[in-house]
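Here is what each chain is made of, one letter per residue.
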Amino acid sequence: MKSAATLFLFFVYNFAFAQTDTSYNCIARWKKGEEKIILITHTVENNREGNTEPPFELSYEAHIRVTDSTEEGYTLKWVFHLPQEVKKANPLMVLAMPVYEGMQMIFKTDRNGVFKELINWKEVKDTYLKMMMVSLPRNLDDSTKKAIEKSNEMFNSREMAESSFINEIQLYHAPFGTFFTLNGNTFPASFPSPFTSEPIPALVSEKLLSLSKTADHVSFNIGQDIDLDNATSFIKGMLKKMDIPDDSLTVMTNGLLSTIRMKDHREYQFSPSTGWLKKLVFQKTAATDQFNKKESFVFEMK
């Protein structure tokens, strides 16, 4: 009897520990005063009508500090810096790119790490506009001056600053508060439309790739692609507003759908015990039959 009970417990114990974790809730477990450094590499490639432009690539560091931790959430400060080797090789970059050398972004998240608001949005906006001014000639004509004034007015709100100037923070904090599973999850979303104020229907997919609590490692991905079924209705509706004849709608809709490609893919690696990012690879593609743009960000914890 004892041997049977022992055998039963042996199988139960080993079966339980052999099970694979099938879900992960991405939440922050940061502590006040913690500091981290992330190396960010940003790359952009453009191809216009078969002419490939030289790729743009820039590496810089985000120095992160948790300045406060309460029951309501966290306050974090990111400060961008150019790596020392980059500054030594290109000392004038410090003056030409103030965003990437010393700009600080102070923001709040909820308790799970979900981004809430950028506190010093005016300072961030002014730094980006300063970098734009550095790249312009000293003697500006009236039309250029008016364009600068309009840009200043356009970004003169917290919402516009958050949507335009803190891509790195938005990418980093996108998965927080999300429940990932091995089976994955898909739900409707949208892309900004280059044609109208209405967004293009899209689908977002989220999937847990691997989870090991003993190795303190989790990986998951988030992807976004055009929702072809709903995009067909969207484009037909847009063409109807342009008074396109009904007998041409299907042909023109299919033509547009065959040339437009918009998708992005993000793969994250995290430490489940701390909630700190280990690595992020983001790739985005936007293309038509005459234009192809690829953009990527790679985040690596130093």
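Being a predicted model, the structure only gives us computed values, none of them experimental.

Participant: Give me the lowdown on the overall build of the protein chain, citing residues and values where you can.
Facilitator: Tallying secondary structure elements over the protein chain gives 9 helices and 14 strands in all. Counting only C-alpha atoms, the protein chain reaches 95 × 60 × 40 Å along its principal axes. Charge-centre separation for the protein chain: the mean point of 35 positive side chains lies 6 Å from the mean point of 38 negative side chains.

Participant: Quick rundown of the side chain of His42? Include the residues and the values.
Facilitator: For His42, the location among the structural elements is in strand E2 (residues 35–48). Owing to a relative accessible area of 11%, His42 belongs among the buried residues under this scheme. Engagement of the side chain of His42 in a polar contact is seen with the side chain of Glu295, the distance being 2.7 Å.

Participant: Explain the pairing of strand E7 (residues 115–118) to me, and be specific about the residues and the numbers.
Facilitator: Bridge analysis of strand E6 (residues 104–110) against E7 gives 3 bridges, and the strand direction is antiparallel. Within E7, the position partnered with Lys108 by the bridge is Glu117.

Participant: Let's hear about the packing of helix H8 (residues 228–241) against helix H9 (residues 246–259): which residues, and what values?
Facilitator: At a closest axis distance of 9 Å, the pairing of H8 and H9 adopts a crossing angle of 130°. With respect to their mutual orientation, H8 and H9 come out oblique. The handedness of the crossing between H8 and H9 comes out as right-handed. Contacts between H8 and H9 involve Leu228, Ala231, Thr232, Ile235, Lys236, Met238, Leu239 and Lys240 from the former and Asp246, Leu249, Thr250, Met252, Thr253, Leu256 and Leu257 from the latter.

Participant: An account of the environment of Ile148 is requested, with residue identities and associated values reported.
Facilitator: Relative to the elements of secondary structure, Ile148 occurs in helix H5 (residues 142–154). With relative accessibility at 17%, the residue Ile148 sits in the buried group. Along the backbone, Ile148 and Gly255 are 107 residues apart, and their C-alpha atoms lie at a distance of 37 Å. In contact with Ile148, other than residues within four places in its own chain, are Met132, Met133, Leu136 and Leu140.

Participant: Let's hear about the packing of aromatic side chains: which residues, and what values?
Facilitator: With the rule as written, the count across this model stands at 21 aromatic pairs. Ring geometry for Tyr172 against Phe270: centres 6.4 Å apart, planes inclined by 70°, an arrangement best described as edge-to-face. Within this pair, whereas Tyr172 is found in helix H7 (residues 167–173), its partner Phe270 is found in strand E12 (residues 261–270), the two being separated by 98 residues in sequence. Comparing Tyr172 with Phe270, the two get one shared label, buried. Ring geometry for Phe282 against Phe297: centres 6.3 Å apart, planes inclined by 45°, an arrangement best described as tilted. With Phe282 in strand E13 (residues 277–287) and Phe297 in strand E14 (residues 291–301), the pair connects residues that are 15 residues apart, well separated along the chain. Each member of the pair, Phe282 as well as Phe297, carries the same accessibility label: buried.

Participant: Describe the pattern of salt bridges, with residues and values.
Facilitator: With the rule as written, the count across this model stands at 6 salt bridges. Its salt-bridge partner being Asp126, residue Lys125 comes within 3.6 Å of it at the nearest N-O pair.

Participant: Got a sec to walk through the nonpolar core? Specific residues and values, please.
Facilitator: In this structure, Trp78, Phe80 and Phe299 are the most contacted members of the largest nonpolar core, which totals 52 residues. Top element by residues in this core is strand E4 (residues 56–69). It accounts for 5 residues. Setting aside chain neighbours within four positions, we find Phe299 in contact with Ile38, Leu39, Ile40, Trp78, Glu168, Leu171, Tyr172, Leu277, Lys278, Lys279 and Leu280. Among the nonpolar cores identified, the runner-up in size contains 14 residues, and Ala202, Ile226, Leu239 and Ile260 belong to it.

Rules and cut-offs
- Within each chain, residue numbers correspond to sequence positions counted from 1 in written order.
- In keeping with the predicted nature of the model, local features appear solely for residues at pLDDT of at least 70, side-chain atom pairs appear and are counted solely at 80 or more, and the whole-chain, interface and lining totals rest on all residues.
- Heavy atoms from the whole structure form the basis of all side-chain values; hydrogens and water molecules are not counted.
- A helix here means a DSSP run of H or I that spans at least four residues, while a strand means a run of E at least two residues long, and both kinds are numbered starting from the N terminus.
- Counting rule for charge: Lys and Arg are taken as positive, Asp and Glu as negative, and neither His nor the chain ends is counted.
- Every charge is mapped onto a representative atom, which is NZ of Lys, CZ of Arg, CG of Asp or CD of Glu.
- Relative accessibility thresholds used throughout: buried, under 20% of the residue-type maximum; exposed, over 50%; partly exposed, between the two (1.4 Å probe, protein chains only).
- Counting of polar contacts relies on pairs of N or O atoms within 3.5 Å, with two restrictions inside protein: one atom must be capable of donating a hydrogen and the other of accepting it, and residues adjacent in sequence are counted only when both atoms are side-chain atoms.
- When DSSP finds two or more bridges between two strands, those strands count as paired.
- Simply put, an axis is a line fit to the C-alpha atoms, just over the touching stretch for a helix, and the angle between two N-to-C directions goes from 0 to 180 degrees.
- The scheme is simple: roughly parallel for angles under 35 degrees, roughly antiparallel for over 145, roughly perpendicular for 65 to 115, oblique for anything else.
- By convention the crossing between two helices is left-handed if the near helix lies anticlockwise of the far one by an angle smaller than a right angle, and right-handed if it lies clockwise.
- Contacts were defined at the residue level, with two residues in contact if any of their heavy atoms lie within 4.5 Å.
- Each aromatic pair joins two rings of Phe, Tyr and Trp (for Trp, the six-membered one) with centres within 6.5 Å, and gets the label stacked for planes under 30 degrees apart, edge-to-face for over 60, and tilted for any other angle.
- Salt bridges are counted wherever a side-chain nitrogen of Lys or Arg sits within 4 Å of a carboxyl oxygen of Asp or Glu.
- Residues enter a nonpolar core if they are buried and are Ala, Val, Leu, Ile, Met, Phe, Trp, Tyr or Cys, with the set joined through side-chain atoms within 4.5 Å.

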